[in-house]
Amino acid sequence: MTGGGGGGPVRIGVDVDKCVASGMCAFVAPGVFGQREEDGVVVVLHRDPPEDQHEAVHEAAVRCPAQVIDVE
Amino acid sequence: MDASTDRPGGPDLLDLPLPQPRECPFGPPPEMAGLRERTPVVRVKCPTGITAWLVTRYDDVRDVLGDAGRFSSRAGQAIHLMAHADPDRPVGDVEFSRMDGADYQRFRRIIGPEVSTAQRMAELRPMVQDLVDERLDALAAAGQAADFYGDFAVPVTTAAIGGLVGVPYEDRELFHNAAAVMFSGATSQADVLKVMRPLHEYLYKLVVTRRAEPADDSLSRIIARSEAGERPFTDVELVGICAALLVPGFDTTATVMAHGLLTLLAHPAELARLRADPSLIPSAVEEIVRFLGGAPGIVRQATRDTEIGGHPVAEGDYVVLAMQAADRDTGAFPDPDRLDVGRRPNNHLGFGYGTHQCFGQQTARLELTVTLETLLRRVPSLRLAVPLDDVPFKTGSIVYGPAEVPVTWDAVLPAGKAG
Ligand code: HEM
Ligand code: SF4
């Protein structure tokens with residue numbers, strides 16, 4: 001399913017208009033994603049996360065219910 | 001095999017709900033596996049009289065729930081099971097669960113921070129811990145046996161959602177009554193209005209009070225956040241928001257909590273693994289939600305002629321997404337019928353998927369996590385007081401799970417300092 005986080009750096013894109021403030025990303029990858037205080041919308045805390053976070057980042061992308069997160 | 005034989009109206013439609021035999025109180029009805037393999041998109045007749053496509057494969061369920069453009073929530077998420085939920089009724093001003101697009105986002109983004117963010121969960125954790133500890137102390141003081149569902153799970157989840165929104169525990173009866181009527185399949189629309197009116201009157205007073213005197217609760221912050229935005233919520237909308245958190249907010253969680261404990265007690269090797277390594281508790285919570293799947297399928301309606309997994313579906317057709325069956329799909333989970341408290345990855349659909357995915361999921365996770373941590377720490381001798389086969393299951397509620405979980409213990413250890 002998920003390819004895991006092997007290889008080089010990851011690039012994270014978010015389409016905030018689609019975000020439904022579910023908190024799934026911040027739950028799965030807390031160091032990388034947070035949520036705005038005023039509306040719960042995702043914020044990327046770490047655009048180029050360390051390798052040990054890559055798997056969690058991929059998991060967040062798969063589990064985000066609104067397909068907001070794009071990982072390359 | 002091919003779709004031509006199963007258009008609406010055929011006399012030999014499969015009837016929902018499928019029977020749930022006593023021998024397997026944890027999984028989806030056993031017939032689901034065969035459907036998933038042979039007819040993953042199949043025409044069914046629902047107890048409310050509508051016909052729909054039942055979808056059982058993981059990829060198909062995710063596809064439908066993830067595409068609000070092709071599949072709208074407008075008809076209502078449980079019109080297949082709740083007689084009072086007429087799919088053609090107009091969408092109420094606060095019925096956000098039936099809205100799509102910008103109207104929906106307006107609700108989601110004001111309420112979201114109160115029930116989803118890591119900061120909010122960290123704030124709520126000590127309250128939940130106190131509720132769990134106090135309830136265990138009370139049960140220990142009363143003896144060495146209890147009904148874990150009625151005496152623990154219901155009061156704890158009720159107090160937690162009440163505390164979150166800002167409704168005192170003494171006033172729980174109003175939303176308990178509303179939930180009992182809403183989630184019974186048989187109620188009429190008139191009965192629902194009858195039980196919702198006193199709840200709405202009560203909440204209206206609460207809204208007026210909190211507008212005048214904000215407190216440290218979600219309602220007060222929802223009011224403040226909404227006032228700061230472009231289209232502040234009206235009092236009527238605020239009442240609806242409170243009801244929408246309180247009514248689905250406790251019994252689903254209480255049922256998964258009780259059903260989850262029962263599942264662990266029936267899988268002693270997995271329970272022992274958890275006891276030996278409590279760091280597995282978060283993944284155990286995910287696994288319990290996957291394994292049990294709290295919701296009896298949810299409904300969407302096709303907005304255009306389209307396909308699900310290659311199977312044609314016409315505009316206006318209803319679709320029932322069987323997340324329970326999807327979460328046992330061998331194509332998505334290795335050895336899916338095995339309870340594995342360490343399962344990773346676990347991209348289950350127990351809270352749904354897509355824009356309408358459960359609002360309260362982080363709150364539910366928090367309550368389930370704190371409960372498991374505390375039970376393992378304080379009541380290591382917890383066990384069933386009756387044989388598994390004698391545990392009664394609910395009938396007449398769309399939230400499936402045990403009606404009672406009789407448990408016993410040798411001692412409840414002191415609360416001590418929470419981790
Ligand atoms: C283990 C416990 C729970 C389970 C299994 C569960 C399951 C679900 C599912 C499957 C949906 C999706 C409905 C859809 O897509 O149409 C949903 C929606 C919802 N849940 Fe939960 N839920 C739980 C706990 C809670 C709690 C604690 C709250 C309140 C704090 C809550 C409030 C809601 C609300 C308001 C919706 C409607 C969201 C919408 O349609 O936009 N739930 N829940
Ligand atoms: S998981 Fe997706 S929808 Fe939820 S907060 Fe993160 S980006 Fe937004």
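Look above for the structure.
The rules behind the values
Residues numbered from 1 in each chain as written. Chains lettered and ligands numbered in written order. Predicted model: local features only at pLDDT ≥ 70, side-chain atom pairs only at ≥ 80, totals over all residues. Heavy atoms only, no water. Donors = N, O, S within 2.8 Å, 3.2 Å for Na, K, Ca; no water. Helix = DSSP H or I, 4+ residues; strand = E, 2+ residues; numbered from the N terminus. Contact = heavy atoms within 4.5 Å. Buried area = accessible area lost by both parts, 1.4 Å probe. Salt bridge = Lys/Arg side-chain N within 4 Å of Asp/Glu carboxyl O. Near = heavy atom within 4 Å. Polar contact = N/O pair within 3.5 Å; in protein donor to acceptor, adjacent residues only side chain to side chain. Nonpolar A, V, L, I, M, F, W, Y, C, P; charged D, E, K, R; others polar. Core = buried A, V, L, I, M, F, W, Y, C linked by side-chain atoms within 4.5 Å. Buried < 20%, exposed > 50% of the residue type's maximum accessible area, 1.4 Å probe, protein only. Phe/Tyr/Trp six-rings, centres within 6.5 Å; stacked < 30°, edge-to-face > 60°. Pairing = 2+ DSSP bridges.

## What to know about the coordination of the iron atom of ligand 1
Here comes step 1: Counting protein donors around the iron atom of ligand 1 gives one, B:Cys358 (SG), at 2.3 Å.
Here comes step 2: Checked against the element boundaries, B:Cys358 lands in the loop between helix 13 (323–326) and helix 14 (361–378).

## Quick notes on the interface of chain A and chain B
The figure often quoted for interface size is the accessible area lost as the parts come together.
Here comes step 1: Of the residues lining the interface, 25 residues belong to chain A; the matching set on chain B comes to 28 residues.
Here comes step 2: Summed over both sides, the interface between chain A and chain B buries roughly 2100 Å², with carbon and sulfur atoms accounting for 44% of that surface.
Here comes step 3: Applying the counting criterion to the chain A and chain B interface returns two salt bridges.
Here comes step 4: The shortest N-O distance in the salt bridge between B:Arg344 and A:Glu59 comes to 2.6 Å.
Here comes step 5: A total of three residues in the side of chain A that touches chain B trace back to one element, the largest contributor, which is helix 2 (residues 54–63) of chain A.

## Here we look at the site of ligand 1
Residue and element names in this part refer to chain B.
Here comes step 1: Every one of the 25 residues lining ligand 1 counts as a neighbour, but Gln77, Tyr104, Arg300, His356 and Cys358 are closest to it.
Here comes step 2: Within the side chain of Arg300, one N or O atom sits 2.7 Å away from an oxygen atom of ligand 1.
Here comes step 3: Among the elements that make up the shell around ligand 1, the one with the highest residue count is helix 9 (residues 235–249) (four residues).
Here comes step 4: In terms of residue class, the shell around ligand 1 is made up of 13 nonpolar, 10 polar and two charged.

## Describing the nonpolar core
Here comes step 1: A:Phe33, A:Ile69, B:Leu54, B:Ile111, B:Phe148, B:Leu203 and B:Leu274 are the most contacted members of the largest nonpolar core, which has 131 residues in total.
Here comes step 2: When residues of this core are assigned to their parent elements, the largest contribution, nine residues, is made by helix 5 (residues 148–165) of chain B.
Here comes step 3: Those residues in contact with B:Leu203, other than ones at most four positions away along the chain, are B:Val167, B:Val239, B:Cys242, B:Ala243 and B:Leu246.
Here comes step 4: Counting 20 residues, the second-largest nonpolar core is a separate cluster that includes B:Val313, B:Val319, B:Met323 and B:Leu349.

## Details of the packing of aromatic side chains
Residues and elements named next belong to chain B.
Here comes step 1: All chains considered together, the criterion is met by seven aromatic pairs over all chains.
Here comes step 2: Measuring from centroid to centroid gives 4.8 Å for Phe148 and Phe152, while their planes differ by 15°, and the two rings are stacked. Remark: Phe152 and Phe148 occur in helix 5; sequence separation between them is four residues, near one turn of the helix. Of the two residues examined, Phe148 and Phe152, each falls in the buried class.
Here comes step 3: Taken together, the aromatic side chains of Phe96, Phe107, Phe233 and Phe359 make up a single cluster linked through ring pairs.

## Some details on the site of ligand 2
Here comes step 1: Taken together, A:Cys19, A:Val20, A:Ala21, A:Ser22, A:Gly23, A:Met24, A:Cys25, A:Val42, A:Cys64, A:Pro65 and A:Val68 make up the full set of residues adjacent to ligand 2.
Here comes step 2: Looking at side-chain class alone, the shell around ligand 2 contains nine nonpolar, two polar and no charged residues.

## Description of the pattern of salt bridges
All names here are of chain B.
Here comes step 1: The full count for this structure, using the stated rule, is 32 salt bridges over all chains.
Here comes step 2: The salt bridge involving Glu237 is made with Arg106; its shortest N-O contact spans 2.8 Å. Of this pair, Glu237 sits in helix 9 while Arg106 sits in helix 3 (residues 101–116), and the two are 131 residues apart along the sequence.
Here comes step 3: When its relative accessible area of 10% is taken as the criterion, Glu237 is described as buried.
Here comes step 4: Arg106 gets classed as buried once you look at its relative accessible area, which sits at 15%.
Here comes step 5: For Glu270, the salt bridge identified is with Arg338, shortest N-O distance 3.4 Å. Placement of Glu270 in helix 11 (residues 268–276) and of Arg338 in the loop between helix 13 and helix 14 is noted, with a sequence separation of 68 residues between them.
Here comes step 6: Among the residues examined, Glu270 registers a relative accessible area of 8% and is labelled buried.
Here comes step 7: The structure contains a network of salt bridges with shared partners spanning Glu114, Arg120, Glu123, Asp216, Arg221 and Arg225.

## Some remarks on the sheet that holds strand 11 (residues 406–408) of chain B
Residue and element names in this part refer to chain B.
Here comes step 1: One open sheet accounts for three strands, arranged 5-11-10; its pairing is antiparallel. Each edge of the open sheet is held by one strand with a lone partner, namely strand 5 (145–147) and strand 10 (383–384).
Here comes step 2: Pairing of strand 10 with strand 11, which is carried by two bridges, proceeds in the antiparallel orientation. Looking at the pairing, Arg383 lines up with Thr408 of strand 11.

## So, the pairing of strand 3 (residues 51–55) of chain B
Residue and element names in this part refer to chain B.
Here comes step 1: Most of strand 3 sits inside the fold, with five of its five residues counted as buried.
Here comes step 2: Across the two faces of strand 3 the burial is the same, with Thr51, Trp53 and Val55 and Ala52 and Leu54 all buried.
Here comes step 3: Hairpin connection of strand 2 (residues 41–45) to strand 3: five residues between the antiparallel strands, including Gly49 at a positive phi of 105°.
Here comes step 4: Alignment of strand 3 against strand 9 (residues 318–321), held across three bridges, turns out to be parallel. Its bridge partner being in strand 9, Val55 is matched across the sheet by Leu321.

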